[in-house]
Amino acid sequence: MPGTLARGLVAGAAGTTVLNVVTYLDMALRGRPASTTPERTVDAIAAATGVEVPGRGSVRESRRTALGALAGIGTGLGTGVLASAACSAGIRLPGPVGAVATGAAAMAASDVPATLLGVGDPRTWSGADWAADVVPHLAYGATVHAVVQGVRTDRERAVPRGAASAGLTARSALLGVAAGSRSALGFAAPALTAPTKPGRLGSSSVPARVLGAAALVGELVADKSPDTPDRTSGPGLAPRLAGAAAGATRLAERERANAALPTVAATAGALAGAFGGLAWRRWATDRLPAWQAAVLEDGVALALAALACVPGRNRRPLAVVPG
């Protein structure tokens, strides 16, 4: 059976092909011109990095077109790999939901960078513009989801997933709150509280435990520095959301549960933890020394992570499907 990476590349390639087919059919039926967004995005990246696209006249135009197309192919392949990795992590979505989520992720991967670079503004798009973008990406999402869900890796076949329990979902939300406060807890807490019996689901290696502990200690120290980035900014929030989602998949693995709902709960918890922690630190500014407020927050985050991760260890051993 193929691995996660190979399956993702195949799914991404299939989805990109379908996206291009739908796009060109739309151009043929409506007689509309090709989008110039990829080329203008290449120009914006070149301007931002100070690197010019070499050549003049038609030579330069050809290179701009090629680079824009290659970037689109890379986005399609990368999103396919991410969808495959999510499935391997235990996130299983119903067909329509998976198609929409995967298509939306691919659309965001294309449109958000272009918007941030000032290439376009989706708020000014017409209904036809939105349809020309949404429909091909939905076709892409449906194709990628179908391929990923239709091909199972050996580990996925060996570990079937059931519905997530209410308790698992609640504990995932608690872990999300903890990760929103201290991002390293999303990875470190499940690793440090992993099953202790050999062969159990969700077990962690010694290097993973050491790495988790080191990352957590490092963040606890760095959080006290005035130069630490705002936790609700892009660079501060992204690792908190990612850590919460990753931690929820590890908790779901222990219980052989579908990680989709726990991941959503953990992500929501991370948002609450990030903004709630910031509100606490601002409230405490005139009432406590900054280091005391930070240490109190450390304690709350560690306690929430323990409540989320300690239960549910040492469950059934990993089953192996013969052949």
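Relevant structure appears above.
Notes on the structure in this doc start here. (Residues numbered from 1 in each chain as written. Predicted model: local features only at pLDDT ≥ 70, side-chain atom pairs only at ≥ 80, totals over all residues. Heavy atoms only, no water.)

## Considering the overall build of the protein
- Secondary structure summary: the protein contains twelve helices and zero strands in total.
- In sequence order, the protein lays out its α and β elements as α-α-α-α-α-α-α-α-α-α-α-α.
- Summarising its shape, the C-alpha atoms of the protein cover approximately 60 × 60 × 35 Å along the three principal directions.
- Every one of the 323 residues in the protein was classed for burial, and the buried ones make up 38%.
- The long-range fraction of contacts in the protein, counting pairs at least 24 apart against all pairs at least 6 apart in sequence, stands at 80%.
- About 16200 Å² of surface is accessible on the protein, with carbon and sulfur atoms providing 70% of the total. (Helix = DSSP H or I, 4+ residues; strand = E, 2+ residues; numbered from the N terminus. Buried < 20%, exposed > 50% of the residue type's maximum accessible area, 1.4 Å probe, protein only. Contact = heavy atoms within 4.5 Å. Areas by Shrake-Rupley, 256 points an atom, 1.4 Å probe, with all protein chains shown as cover.)

## Looking at the packing of aromatic side chains
- In the structure shown here, the tally under the stated rule is two aromatic pairs.
- Between Trp280 and Trp283, the aromatic rings sit 5.7 Å apart at their centres with planes inclined by 25 degrees, giving stacked as the arrangement. Linking Trp280 with Trp283, this pair stays in helix H11 (residues 260-284), spanning three residues, or about one helical turn.
- Trp283 sits in the partly exposed class, given a relative accessible area of 46%. (Phe/Tyr/Trp six-rings, centres within 6.5 Å; stacked < 30°, edge-to-face > 60°.)

## Examining the packing of helix H7 (residues 166-181) against helix H12 (residues 290-309)
- Where H7 meets H12, the axes come as close as 8 Å, and the angle between the chain directions of the two elements is 155 degrees. Taken together, the axis directions place H7 and H12 in an arrangement best described as roughly antiparallel. Judged by the twist between their axes, the crossing of H7 over H12 is left-handed. Mapping the contact onto sequence places Arg171, Leu174, Leu175, Val177, Ala178 and Ser181 in H7 and Glu297, Ala301, Leu304, Ala305, Leu307, Ala308 and Cys309 in H12.
- Residue classes in the contact of H7 with H12 are distributed as ten nonpolar, one polar and two charged. (Axes fitted to C-alpha atoms, helices over the stretch in contact; angles between N-to-C directions. Parallel < 35°, antiparallel > 145°, perpendicular 65-115°, else oblique. Left-handed = near helix turned anticlockwise from the far one by under 90°. Nonpolar A, V, L, I, M, F, W, Y, C, P; charged D, E, K, R; others polar.)

## Some thoughts on the pattern of salt bridges
- Overall, the coordinates contain 15 salt bridges when judged by the stated rule.
- For Arg182, the salt bridge is made with Glu297, and the minimal N-O distance between the two is 3.4 Å. Of this pair, Arg182 sits in the loop between H7 and helix H8 (185-192) while Glu297 is found in helix H12, placing the two residues 115 residues apart along the sequence. With respect to burial, Arg182 and Glu297 carry one shared label: buried.
- For Glu297, the salt bridge goes to Arg281, with nearest N and O atoms at 2.9 Å. With Glu297 in helix H12 and Arg281 in helix H11, this pair connects stretches of sequence that are 16 residues apart.
- A network of salt bridges, in which partner residues are shared, links Arg182, Asp223, Arg231, Arg281, Glu297 and Asp298. (Salt bridge = Lys/Arg side-chain N within 4 Å of Asp/Glu carboxyl O.)

## Considering the side chain of His145
- With respect to the secondary-structure elements, His145 resides in helix H5 (residues 127-150).
- Those residues in contact with His145 that lie beyond four places of it in its chain are Leu93, Pro94, Gly95, Gly98 and Ala99.

## Examining H7
- Counted at 1.5 Å a residue, the expected span for H7 with its 16 residues is 22 Å, and the 23 Å between its end C-alpha atoms agrees.
- Of all the residues in H7, the buried ones are Leu168, Thr169, Arg171, Ser172, Leu175, Gly176, Ala178, Ala179, Gly180 and Ser181.
- Packed against the buried residues of H7 are H8, helix H9 (206-222), helix H10 (234-254), H11 and H12. (Expected span 1.5 Å × (residues − 1).)

## Re H5
- With 24 residues, H5 should cover 34 Å at 1.5 Å per step; its first-to-last C-alpha distance of 34 Å lies within 8% of that length.
- Looking at H5, one finds that the buried residues are Ala132, Asp133, Pro136, His137, Ala139, Tyr140, Gly141, Thr143, Val144, His145 and Val148.
- In the core, the buried residues of H5 are packed alongside helix H1 (4-30), helix H3 (57-88) and helix H4 (95-116).

From the geometry alone we can't say anything about function, so treat these as descriptive.
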